[in-house]
Amino acid sequence: MGDEVQAEQDRWVVWRQDDNGNRYEVRRCDTRAEAEQLAAEMEARGHKQLYWVAPL
């Protein structure tokens, strides 16, 4: 597997779902830890949004 393909598979996306069920990509991150941290920061703001992390 080439380095470019492997790097793409290792990337993560933070997603947000609003009250109406609409889903939006928030940000792409290079590591799962970075994505999890961002999702935790967004959730800590107290909005009634759902955030989750998924592989790209």
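See above for the structure.
A brief look at the structure comes next. Since this is a predicted model, take the numbers as computed values, not measurements. (Residues numbered from 1 in each chain as written. Predicted model: local features only at pLDDT ≥ 70, side-chain atom pairs only at ≥ 80, totals over all residues. Heavy atoms only, no water.)

## Let's talk about the overall build of the chain
Then, in step 1: Of regular secondary structure, the chain possesses two helices and three strands.
Then, in step 2: Taken from N to C terminus, the helices and strands of the chain fall in the order α-β-β-α-β.
Then, in step 3: Here the chain holds 56 residues, and the buried ones make up 23% of them.
Then, in step 4: Pairs at least 24 residues apart make up 45% of the contacts formed inside the chain by residues separated by at least 6 positions.
Then, in step 5: Only carbon and sulfur atoms are counted for the fraction: they give 44% of the accessible area of the chain, which is about 4200 Å². (Helix = DSSP H or I, 4+ residues; strand = E, 2+ residues; numbered from the N terminus. Buried < 20%, exposed > 50% of the residue type's maximum accessible area, 1.4 Å probe, protein only. Contact = heavy atoms within 4.5 Å. Areas by Shrake-Rupley, 256 points an atom, 1.4 Å probe, with all protein chains shown as cover.)

## Remarks on the packing of aromatic side chains
Then, in step 1: Enumeration over the complete set of coordinates arrives at one aromatic pair.
Then, in step 2: For the ring pair W15 and W52, a centre distance of 6.4 Å and an interplane angle of 15 degrees mean the geometry is stacked. Pair noted here: W15 is in strand β1 (residues 12-17) and W52 is in strand β3 (residues 50-55), with a separation of 37 residues, a long-range link.
Then, in step 3: Relative accessible area serves as the criterion here: at 26%, W52 is assigned to the partly exposed category. (Phe/Tyr/Trp six-rings, centres within 6.5 Å; stacked < 30°, edge-to-face > 60°.)

## Description of the pairing of β1
Consecutive residues of a regular strand have side chains that alternate between opposite faces of the sheet.
Then, in step 1: In this sheet, strand β2 (residues 23-29) lies alongside β1 in antiparallel orientation, the contact comprising six bridges. In the strand pairing of β2, V14 is matched with R27.
Then, in step 2: Counted along the chain from β1 to the antiparallel partner β2, the turn is five residues long, and its residue G21 has a positive phi close to 90 degrees.
Then, in step 3: With six bridges joining them, β1 and β3 adopt antiparallel strand pairing. Within the sheet, the bridge partner assigned to W12 lies in β3 and is P55. (Pairing = 2+ DSSP bridges.)

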